[in-house]
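# Survey of secondary and tertiary structure
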Amino acid sequence: MSGHHSFNKLTAEFTAERRAEIANRASKLKTEMALNELRQAFQLSQSELASKLNVKQPAISRLEQRTDMYVSHLRQIIEAMGGQLDIVARFPDGEVKITNFDFTNSSSSNSPSN
């Protein structure tokens, strides 16, 4: 098809500095994503995640659209995807992991459908 070029051809004339900037931005994009993007990166459908959490698919849709939720609900979602949730506060002098959330005591009474 005309007008289509490989990425390598398009970037062949970029300076080393520009290539490094692109690599840094790409790396950052891989470490920051919305909850629905994270689910998709793990190739899970909303229905599959809902099944793992024993909720209905619309509950997952609502959670993914929220800008605020309980930490316990977010923890359940992350664990259902095989991950572990850590809360970290970042300050100019360093980072501190917040430990007063008991992530090891999962409770089925904290359903993410709320």
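So, here is what we can say about the structure in this document.

What counts, and where the lines are drawn
Residues numbered from 1 in each chain as written. Predicted model: local features only at pLDDT ≥ 70, side-chain atom pairs only at ≥ 80, totals over all residues. Heavy atoms only, no water. Axes fitted to C-alpha atoms, helices over the stretch in contact; angles between N-to-C directions. Helix = DSSP H or I, 4+ residues; strand = E, 2+ residues; numbered from the N terminus. Parallel < 35°, antiparallel > 145°, perpendicular 65-115°, else oblique. Contact = heavy atoms within 4.5 Å. Buried < 20%, exposed > 50% of the residue type's maximum accessible area, 1.4 Å probe, protein only. Arc of directions from axis to C-beta. Pairing = 2+ DSSP bridges.

Next up on the list: the packing of helix α4 (residues 46-53) against helix α6 (residues 71-80). The contact between α4 and α6 brings their axes to 10 Å, and the two run at 110°. Overall, the two elements α4 and α6 adopt an arrangement that is roughly perpendicular. Taken together, the residues of α6 that come into contact with α4 (itself represented by L49, K52 and L53) are Q76, I77 and A80.

Listed as buried for helix α5 (residues 57-65) are A59, I60, L63 and E64. One side of α5 carries all its buried residues, which in axial view fall inside an arc of 135°. Each element contacted by the buried residues of α5 is listed here: α3 (35-41), α4 and α6.

What follows is about unusual backbone geometry. Non-glycine residue Q43 carries a positive phi angle of around 55°. Structurally, the position occupied by Q43 is in the loop between α3 and α4. Even without being a glycine, N54 presents a positive backbone phi close to 55°. Mapped onto the elements of the fold, N54 is located in the loop between α4 and α5.

Sheet topology note: the strand β1 (residues 87-91)/strand β2 (residues 94-98) ladder contains 5 bridges and is antiparallel. The partner of V88 across the bridge, within β2, is K97. As consecutive antiparallel partners, β1 and β2 are separated by 2 residues.

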